[in-house]
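Structural overview for review
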Amino acid sequence: QREKGNKKGKVVGGRSDIATVYREMVEEMDKGIGEILATLRENGLTENTLVFFCSDNGANRNGSNGSLKGHKGQIWEGGHRVPAIASWPGKIEAGTETDTTVLSMDLFPTMLDAAGIAAIPSLDGASLLPLMTGRKPLAERTVFWAIGKGKDFAARRGPWKFVVSGGNDKGGQLYDLSKDIGEKIPA
């Protein structure tokens with residue numbers, strides 16, 4: 001809830017020092033994750049536990065997405081492109097990296113696979129275990145997403161991303177993300 005007439009955006013009962021609040025939240029999150037990992041080690045559960053961490057969105061308007069266009073709540077790369085990290089000693093080799101596009105809907109099939117449970121045929125998403133363990137790459141696919149009431153939507157396949165933003169009646173814009181990660185120059 002915002003104070004009436006407040007142009008600085010101070011939240012009632014909250015703090016206006018956004019950068020400090022953000023830093024403190026990241027520090028607390030880091031501390032909490034460290035405690036979880038320590039508990040797994042102390043109880044000998046590390047080799048039997050897949051730990052996967054990622055954000056659900058890019059930074060909001062108060063944060064930074066570097067050279068990526070957009071922010072949380074938008075279809076641009078800055079709205080949804082986030083780093084992720086996975087750990088499963090004995091299954092995922094330390095230092096394994098990929099720039100493969102994955103989606104949060106891939107997490108449930110991944111957890112089923114890790115638990116040895118057969119995939120549900122109607123389930124969207126794909127198990128990431130073959131990718132994370134180096135057995136095989138994720139099959140090429142076209143992914144779609146929309147934000148708002150159908151005014152902003154996008155489709156991506158490989159490096160190509162087609163974007164329609166703000167109900168643009170001129171059609172959409174096509175970007176080659178391998179050459180233009182900031183979505184500045186339509187192809």
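The preceding data block contains the structure.
Our subject in this report is the structure included herewith.

Calculation criteria
- Residues numbered from 1 in each chain as written.
- Predicted model: local features only at pLDDT ≥ 70, side-chain atom pairs only at ≥ 80, totals over all residues.
- Heavy atoms only, no water.
- 1 Å grid on protein atoms, 1.4 Å probe; cavity = no way out; pocket = protein on both sides within 12 Å on 5 of 7 lines; lining within 4 Å.
- Points joined across faces, edges and corners; volume = space filled by probe spheres on them.
- Helix = DSSP H or I, 4+ residues; strand = E, 2+ residues; numbered from the N terminus.
- Nonpolar A, V, L, I, M, F, W, Y, C, P; charged D, E, K, R; others polar.
- Buried < 20%, exposed > 50% of the residue type's maximum accessible area, 1.4 Å probe, protein only.
- Arc of directions from axis to C-beta.
- Contact = heavy atoms within 4.5 Å.
- Salt bridge = Lys/Arg side-chain N within 4 Å of Asp/Glu carboxyl O.

Moving on: the layout of surface pockets. In this model, the largest pocket occupies a volume close to 1,300 Å³. Lining the largest pocket are 42 residues, with Val 82, Pro 83, Ala 84, Thr 100 and Val 102 positioned closest to its centre. Mapped by element, the contributors of at least two residues to the lining of the largest pocket are strand 1 (51–54), helix 2 (77–80), strand 2 (84–87), helix 4 (129–132) and strand 3 (142–147). Counted by class, the lining of the largest pocket contains 22 nonpolar, 13 polar and seven charged residues. The volume enclosed by the second largest pocket comes to roughly 690 Å³. Sorting elements by how many residues they give to the lining of the second largest pocket places helix 1 (residues 18–42) first, with six residues. Looking at the lining of the second largest pocket, its residues break down into 11 nonpolar, eight polar and four charged.

A separate point is helix 3 (residues 107–114). All of the buried residues in helix 3 are Pro 109, Thr 110 and Leu 112. Seen end-on, helix 3 carries its buried residues on one side only, within an arc spanning 160°. Structurally, helix 3 contributes buried residues whose contacts are with helix 4. Two residues or fewer past helix 3, Gly 116 is found with a positive phi of approximately 75°.

Here the focus is unusual backbone geometry. One non-glycine residue, Glu 183, lies in positive phi territory at about 50°. Structurally, Glu 183 can be placed in the segment after strand 6 (173–176).

This model, assessed by the stated rule, comprises eight salt bridges. Across the pair Lys 161 and Glu 77 runs a salt bridge, and its minimum N-O distance is 2.7 Å. Taken together, the residues span a long stretch of sequence, with Lys 161 in strand 5 (residues 160–164) and Glu 77 in helix 2 at a distance of 84 residues. Glu 77 gets classed as buried once you look at its relative accessible area, which sits at 1%. In this structure, Asp 176 and Lys 179 form a salt bridge, with 4.0 Å as the shortest nitrogen-oxygen distance. Connected through salt bridges with shared partners, the residues Glu 77, Arg 81, Arg 156, Lys 161 and Glu 183 form a single ionic network.

Moving on to the environment of Ala 59. Among the structural elements, Ala 59 can be located in the loop between strand 1 and helix 2. Residues Ala 59 and Pro 186, spaced 127 residues apart in sequence, show a C-alpha to C-alpha distance of 23 Å. Each residue touching Ala 59, except ones within four places of it in the same chain, is listed here: Ser 64, Asn 65, His 71, Lys 72 and Gly 78.

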